[in-house]
Amino acid sequence: MNMLTPGLLYFDAVAQEGTLTQAAEKLHVSASAISRQINKLESSLGTPLFTRHARGVELTEAGRLLQAYVRRAEAEGAAVREELLVSVQRKTRTLRVVCAEGFARVWVPSAIARFSRQHNDIEFHLDVVASSEGTRRVAEGEADVAAVFSLGPQPRVTVEHSTPMPVAYALVAPDHPLATQPSASMKDLCRYKLAVTAPGSSQRELFDLAMQIEGLVPAITLQSDHINPVIEFARAGVGVSLVAGLSLDRRDREDLVTVRLDHPVLRQRQGQIQTMTGRAQPAILTAFVDALIDALDDLV
């Protein structure tokens, strides 16, 4: 059941598809019916929602504002429907969580597990995505909350909490030459084979920037979209892995050595908990956001 009015439903389809014809095919209605609804909506609001051109349509500034409203309305409508199902049918509720890879190995699953002990009627759907994708999903109502890394303010979402989350450590085996040093420089890292996250992550972006500033070319032997291969590279004693402290579990901390990295660029990253701007949060989502904030504060 979609709780949007026909006008808003048709408007959203045109905004997504880019043409009236494609929107009509998606909704199985005539293009003329969509056109009438759009004209009626623009007339009632007193402003154009689309700029027409030969290839289709583009949202105006007013159209973008209305699309943001539609996303909030869809998210709130889904929450209301779920609350009604819980009340009438005693069904469980689902929280859609997205997080960056660095949060996914230990911290977010642990926070979910602790929260689940106190809330038997909650199911979690967790997706591990790039930080930028996590922010997009929350902004567009595809996820309820994101735990991601950021290098600055995020205008499209509400930042519920932000804390410094530096790219903190070189991870090495106990017999590695760096294991006896209290800290390491970028130049130190260039003496060894390195395992790092793949391009596109905030950790890799800052690492590359620090190397560029120092005029260095590191010997990257392994790059991966996932943190496990990076950590296992260090465990095998092959070289040095670049990690953040929150990615390490108890076994990692017992078996391996963390060496603090000394470069100001690596301290620019923040860990953020984000929700959809303007959305009236269900009480259970607010409680889970608070639990994430408490867990993050305990971590750092």
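Residues numbered from 1 in each chain as written. Predicted model: local features only at pLDDT ≥ 70, side-chain atom pairs only at ≥ 80, totals over all residues. Heavy atoms only, no water.

**Details of helix α9 (residues 202-214)**
Next, step 1: If you check α9, its first and last C-alpha atoms are 18 Å apart, about what 13 residues at 1.5 Å a residue would give, namely 18 Å.
Next, step 2: Inspection of α9 places S202, Q203, R204, L206, F207, A210 and M211 among the buried residues, and these make up the whole buried set.
Next, step 3: Its buried side turned inward, α9 meets β5 (145-150), α8 (186-189), β9 (193-197), β10 (219-224) and β11 (240-243).
Next, step 4: Positive phi shows up at G215, right after α9, with a value of about 70 degrees. (Helix = DSSP H or I, 4+ residues; strand = E, 2+ residues; numbered from the N terminus. Expected span 1.5 Å × (residues − 1). Buried < 20%, exposed > 50% of the residue type's maximum accessible area, 1.4 Å probe, protein only. Contact = heavy atoms within 4.5 Å.)

**Structural notes on the pairing of β9**
Next, step 1: The buried fraction of β9 is high, at 4 of 5 residues.
Next, step 2: Note: β9 against β10, 5 bridges, orientation parallel. By the bridge assignment for β10, L194 is matched with I220.
Next, step 3: What joins β9 to β10 is α9, and the crossover it makes is right-handed. (Pairing = 2+ DSSP bridges. Right-handed = clockwise from strand over helix to strand, strands pointing away.)

**With respect to the nonpolar core**
Next, step 1: By size, the foremost hydrophobic cluster in this structure holds 27 residues, and its most contacted members are F103, W107, V108, V145, I273, F288 and L292.
Next, step 2: Of all elements in the fold, only β3 (93-99), α5 (101-104), α6 (107-118), β5 and α12 (283-299) reach the threshold of two or more residues within this core.
Next, step 3: When residues of this core are assigned to their parent elements, the largest contribution, 8 residues, is made by α12.
Next, step 4: Residues A184, L206, V259 and L261 belong to the second largest nonpolar core, which totals 20 residues. (Core = buried A, V, L, I, M, F, W, Y, C linked by side-chain atoms within 4.5 Å.)

**Overview of a negative patch on the surface**
Next, step 1: A cluster of like negative charges, contributed by E160, D290, D294 and D297, occupies part of the molecular surface.
Next, step 2: For the negative patch, the element with the most residues is α12, which contributes 3 residues.
Next, step 3: Along the chain, D294 turns up in helix α12.
Next, step 4: Look at D294 and you get partly exposed, because its relative accessible area is 48%. (Patch = residues over 30% accessible without salt bridge, like charges linked within 9 Å, V, L, I, M, F, W, Y side chains within 5 Å. Areas by Shrake-Rupley, 256 points an atom, 1.4 Å probe, with all protein chains shown as cover. Salt bridge = Lys/Arg side-chain N within 4 Å of Asp/Glu carboxyl O. Lys, Arg positive; Asp, Glu negative; His and termini not counted. Charge placed at Lys NZ, Arg CZ, Asp CG, Glu CD.)

**Concerning the pattern of salt bridges**
Next, step 1: Counted by the stated rule, this structure contains 20 salt bridges.
Next, step 2: Among the salt bridges present, the one from R136 reaches E133, with a minimum N-O distance of 2.8 Å. You can see R136 and its partner E133 sitting in helix α7 (residues 131-139), 3 residues apart, about one turn around the helix.
Next, step 3: A relative accessible area of 23% means that R136 is categorised as partly exposed.
Next, step 4: Ionic pairing is found between D255 and R235, a salt bridge with its closest N-O pair at 3.1 Å. Of the two residues, D255 sits in helix α11 (residues 250-255) while R235 sits in helix α10 (residues 227-235), which places them 20 residues apart along the sequence.
Next, step 5: Note on D255: relative accessible area 33%, which makes it partly exposed.
Next, step 6: Salt bridges linked by common partners bring R105, E232, R235, D249, R251, D252 and D255 together as one network.

**With respect to the side chain of E101**
Next, step 1: Turning to its location among the elements, E101 is positioned in helix α5.
Next, step 2: The charged side chain of E101 is buried without a salt bridge, its nearest counter-charge being R105 at 6.8 Å.
Next, step 3: A polar side-chain atom of E101 sits 3.3 Å from a polar atom in the side chain of H226.
Next, step 4: Within the local environment of E101, its side chain forms a polar contact with the backbone nitrogen of I227, the two atoms lying 2.8 Å apart.
Next, step 5: With sequence-adjacent residues up to four places away left out, E101 is seen in contact with V128, V129, D225, H226, I227 and N228. (Polar contact = N/O pair within 3.5 Å; in protein donor to acceptor, adjacent residues only side chain to side chain.)

**Considerations on the sheet that holds strand β13 (residues 270-276)**
Next, step 1: The strand order across the open sheet built from 5 strands is β4-β3-β5-β13-β6, with neighbouring strands paired in mixed fashion. The open sheet has two edge strands, β4 (122-128) and β6 (157-164), and neither has a second partner. The average angle at which neighbouring strand axes cross in this sheet is 20 degrees, direction not considered.
Next, step 2: Looking at chain direction, β3 and β5 are connected through 3 bridges and run parallel. Within β5, the residue paired with V97 across the bridge is V145.
Next, step 3: The sheet strands contacting α6 are β3, β4, β5 and β13, and the helix crosses β4 at an angle near 175 degrees. (Axes fitted to C-alpha atoms, helices over the stretch in contact; angles between N-to-C directions.)

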